[in-house]
Structures are given as structure tokens and as C-alpha cells.
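Listed here are the chains, written in short residue letters.
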Amino acid sequence: MNKIKKEIEWHKYIISLSPIFLIFYISNETYAIDFRSFYLAGKSVLNNLNPYLNHISLNIDFYGPVNSELSKFSGWKYPPIASYLFTPFATLPYEFSKNLFNFISLLSISLLTYFVIKKRIFYINPNSLMIVAISFPVLAIISRGQIEILIVFLALLSLYFYKQGELFLSSISIAILGFIKVFPLLLIVSFFHSKKRIKLFIYLIFSLLLLYFLNLILCPLEWRLSFIERIRIPWNEMPMGDLKELPNNIGIIKDSMIVKTSDARNLFHSHYFVFGFANPLLSNNLILSGIIGTIGSFICLFKYSKYSIALCFFTIMNWINIVNPISWIMGLFWYVPLFIFSYDKVKSSLKIIIILPLILPPFLNISGYLASIISLFIINLYSREGLNNI
């Protein structure tokens with residue numbers, strides 16, 4: 001191979017990142033209602049309050065549009081110790097904080113992409129980055145201020161640490177994922193065929209126990225009990241709080257998607273492209289979704305572990321949305337690593353198939369299922385050259 005072919009054509013990657021302007025525009029004009037729940041959890045911790053309860057009766061600055069409104073509970077639904085992660089953001093003005101959070105999310109995955117390209121870990125087609133940047137999952141994550149990009153970033157770090165032989169760092173990365181969102185613990189299935197699995201699982205158990213004891217030490221019993229109560233209540237059956245109506249000058253403006261709050265401009269609380277589920281058929285059945293998701297992940301393990309740990313890991317990522325019965329369109333970001341990894345390996349005539357989960361209208365509610373099906377058959381879409389480059 002000559003020198004020209006070895007050179008990285010950085011100008012193509014720069015062009016592929018042009019949608020960043022659209023992304024920042026969406027970030028600036030929306031209220032980021034999911035990040036608002038994270039922000040209020042951090043704010044509650046700073047004020048020695050229970051992050052799972054709605055404290056709007058104490059101060060209108062605790063108003064959470066859509067996710068809490070007048071409910072008894074706030075929009076915070078993650079393990080107690082995770083609320084400490086958002087205390088730094090809660091010290092900042094809200095609008096600056098939400099934009100900073102989205103910027104950190106985008107920066108983290110951009111730096112990881114740069115690292116993969118620079119180190120030639122695998123080839124990334126610039127066109128795939130362009131498609132991802134304008135995809136509904138990415139735009140929805142930014143609009144709602146979700147944490148999904150950072151979660152996927154941490155998952156990919158765990159894979160990198162594993163491949164570098166840093167088993168403890170890999171295991172603690174997965175353990176942290178489990179204490180932010182429980183369902184990504186499914187990723188440990190990827191390592192079941194590994195010769196290092198015993199050592200890895202010992203480290204993982206140790207990491208989980210360490211985080212559990214930190215949870216006991218740092219989080220009051222009241223928080224832990226509220227967390228258990230909160231996750232047992234269906235999202236559409238939240239009990240009401242003490243207030244019967246919102247205080248004056250805050251709330252969603254009638255017949256609009258604009259929200260008025262005490263600590264920000266009037267902003268869109270959402271866009272229509274955020275309303276879509278990744279697993280609607282199993283949204284009321286945690287046990288069945290867990291069984292089906294686990295079976296799907298083991299099929300990927302047995303089918304792809306003989307090719308590479310990366311392919312196995314990327315395919316199993318797509319079953320996290322099935323294990324999680326209330327996953328939204330934002331969860332489709334778990335599909336992005338498999339899409340980018342496979343884009344240049346799939347036959348040209350079949351590329352549209354792997355693009356569909358990212359571009360189908362969210363209201364169809366089928367993108368999560370399509371991504372899972374693709375993960376089962378992705379190897380059948382590869383060209384001969386693609387199979388040789390796994």
C-alpha cells in the first residue's frame with residue numbers, strides 16, 4: 001500500500017461534522033426536559049433534599065416541565081448515587097448548564113471518534129458520521145438533554161480497556177454504567193466466551209459491591225426507599241403531589257410546546273421527533289422484555305464471538321433497548337457503534353437497510369426492533385471484503 005492510501009483524509013471528516021450547527025441550534029432553543037430532571041436531582045442533593053420527590057411546593061425553581069409537573073415524584077429515576085454526578089451542573093444557571101451538558105456529550109463521542117480514526121482501530125466512513133449526526137436518535141437526545149451519548153461513550157471505553165488488557169478499568173466502567181442505568185449491565189454477556197472472563201467477572205463483582213457500599217454511605221435510606229418506590233410505578237401512573245395547580249408564571253403555554261419557568265427563557269419543551277418508543281410492545285412487561293432481550297444477546301454472543309469481540313459487543317448493545325421496557329427513541333444511540341462499524345463492510349446495495357433505524361420517523365415505534373433484528377443478521381449483509389476486515 002502506498003503512502004497516499006495510508007494518509008487519513010481529514011477534510012472529509014470535517015465536512016461530515018457540519019450538522020453540528022443544527023445540533024447546537026436545537027440544543028439552544030429547547031428546554032431539555034430530561035436534563036432538567038438530572039439538574040433538579042443535583043439541586044436537591046445540594047439542598048439536602050430527596051432527589052426523587054417533587055419540591056415545587058418549596059420553591060418554583062424546582063419546577064420540572066412534563067416529567068414531573070404536579071406529580072409527587074420528580075423526573076429523576078436513576079440509582080441514588082448517580083444524583084451526585086449532576087451536582088456540579090446544578091451550581092450553574094440552567095440554560096448554560098443544559099448547553100454545557102450537551103456540549104460535553106458531543107465532545108466525548110467526537111474525541112472517541114477521532115481516536116478511532118487516528119489509531120486506525122477500524123475504518124470509519126465519513127458518510128456514516130454525517131448520517132448519524134442528522135439521525136432522529138441524536139437530534140432527540142440533544143432536544144431532551146438525555147445522557148445516552150455519555151452512557152454509550154463509557155460502554156465503548158470499557159470495550160477499549162478490555163482489548164488493552166485493562167480488565168479492572170473495563171469492569172469498573174461497566175459497573176458505573178449499571179449504577180447510572182441498570183440495563184447496560186447486559187453488556188457483560190459479550191465476555192462470556194473470553195478466556196479472561198473469570199478475572200473480569202471478579203473485578204466486576206468487586207466494582208459493583210464497591211459502588212453499592214458507596215451508595216449506602218452517601219445516600220440516605222429515604223432516598224433508597226424512594227428509588228425503589230419510584231421505579232415500581234408505571235411512568236403514566238404517577239401519583240399527584242400536594243399542589244393542585246402550578247404557581248403563576250410557570251408551566252407549558254396553552255396550545256403550544258413552549259414552557260415558561262423561573263430560571264430560563266421561554267423555550268420549546270420538546271420537538272415532535274422525540275416522541276417514539278424503542279420497545280412499545282413490551283412496555284408493561286419487565287420480565288418478558290428481560291427474557292427476550294437476554295436471549296437475543298446470547299444469540300449474538302454465540303453467532304459473533306468467533307469473529308471479534310468488537311462485533312459481538314456492538315450487536316449485544318442493541319438488545320439493551322429490548323431488555324429496557326420503557327426505552328425511547330433516544331435509546332437508538334446504542335445502535336450507532338454497530339452502524340458505524342458495519343457501514344463500509346455492508347454491500348452497497350444493502351446499506352439502506354442498516355440506515356433505516358436511524359432515519360425512520362420515530363412515531364412508527366419500530367426502529368428499536370429493526371435495530372435488534374439487524375444485529376442478528378448483520379454478518380449476512382457484509383460483502384466478502386467486509387468479512388475479511390472484521
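Attention in this report is confined to the structure presented alongside it. (Residues numbered from 1 in each chain as written. Predicted model: local features only at pLDDT ≥ 70, side-chain atom pairs only at ≥ 80, totals over all residues. Heavy atoms only, no water.)

1. Describing the pattern of salt bridges
Just so we agree on the cut-off: A pair is scored as a salt bridge if a Lys or Arg side-chain nitrogen falls within 4 Å of a carboxyl oxygen belonging to Asp or Glu. Only DSSP runs of H or I reaching four residues or more are called helices, and only runs of E reaching two or more are called strands; each is numbered from the N terminus. Only protein chains enter the accessibility calculation, which uses a 1.4 Å probe. A residue is then buried if its area is under 20% of the maximum for its type, exposed if over 50%, and partly exposed in between.
Scanning the entire structure with this criterion turns up six salt bridges. Among the ionic pairs, Lys12 bridges to Glu9, the shortest N-O distance being 3.2 Å. One salt bridge connects Arg265 with Glu95, and the closest N-O pair in it is separated by 2.8 Å. Pair noted here: Arg265 is in the loop between strand S2 (258–260) and strand S3 (267–268) and Glu95 is in helix H6 (residues 94–118), with a separation of 170 residues, a long-range link. Given the relative accessible area of 42%, Arg265 is considered partly exposed. Judged by its relative accessible area of 17%, Glu95 falls in the buried class.

2. Regarding the sheet that holds S2
Put simply, the rule is: A pair of strands counts as paired when DSSP detects no fewer than two bridges linking them.
Read across the sheet, three strands follow the order S1-S2-S3 without closing on themselves; strand pairing throughout is antiparallel. Lying at the two open borders of the sheet, with one neighbouring strand each, are strand S1 (251–252) and S3. Relative to S2, S1 is paired through two bridges, and the arrangement is antiparallel. In the strand pairing of S2, Gly251 is matched with Lys260.

3. Brief notes about the packing of helix H13 (residues 286–304) against helix H14 (residues 309–317)
Here is the rule: Angles here are taken between N-to-C directions and fall from 0 to 180 degrees, while the axes themselves are lines fitted to C-alpha atoms, restricted in helices to the stretch in contact. An angle below 35 degrees is treated as roughly parallel, one above 145 as roughly antiparallel, one from 65 to 115 as roughly perpendicular, and anything else as oblique. Two helices crossing with the near one rotated counterclockwise from the far one by less than a right angle form a left-handed crossing, whereas a clockwise rotation gives a right-handed crossing. Pairs of residues are marked as contacts when any of their non-hydrogen atoms sit within 4.5 Å. Residue type decides the class: Asp, Glu, Lys and Arg count as charged, Ala, Val, Leu, Ile, Met, Phe, Trp, Tyr, Cys and Pro as nonpolar, and the leftover types, Gly among them, as polar.
The geometry of H13 relative to H14 is characterised by a closest axis approach of 9 Å and an angle of 160 degrees between their N-to-C directions. Judged by the angle between their axes, H13 and H14 are roughly antiparallel. The way H13 lies across H14 gives a crossing that is right-handed. Of H14, the residues touching H13 (which contributes Ser297, Cys300, Leu301 and Tyr304) are Leu311, Cys312, Thr315 and Ile316. A breakdown of the residues in the contact of H13 with H14 according to their chemical character gives six nonpolar, two polar and no charged.

4. Points about the packing of aromatic side chains
Applicable threshold: In this scheme Phe, Tyr and Trp rings, the latter by its six-membered ring, pair at centre separations within 6.5 Å, and the angle between planes marks the pair as stacked below 30 degrees, edge-to-face above 60, and tilted otherwise. Lysine and arginine charges are scored as sitting over a ring when NZ or CZ, respectively, is within 6 Å of the ring centre and within 35 degrees of the ring normal.
Scanning the model with the defined rule gives 38 aromatic pairs in all. An aromatic cluster is defined as three or more aromatic residues linked by ring pairs; in this entry it consists of Tyr31, Phe35, Phe38, Tyr39, Trp76, Tyr78, Phe86, Phe89, Tyr94 and Phe101. Between Lys196 and the ring centre of Tyr162, over which it is positioned, the NZ or CZ distance is 5.6 Å. The ring of Tyr343 carries Lys351 above its face, with NZ or CZ at 5.1 Å from the centroid.

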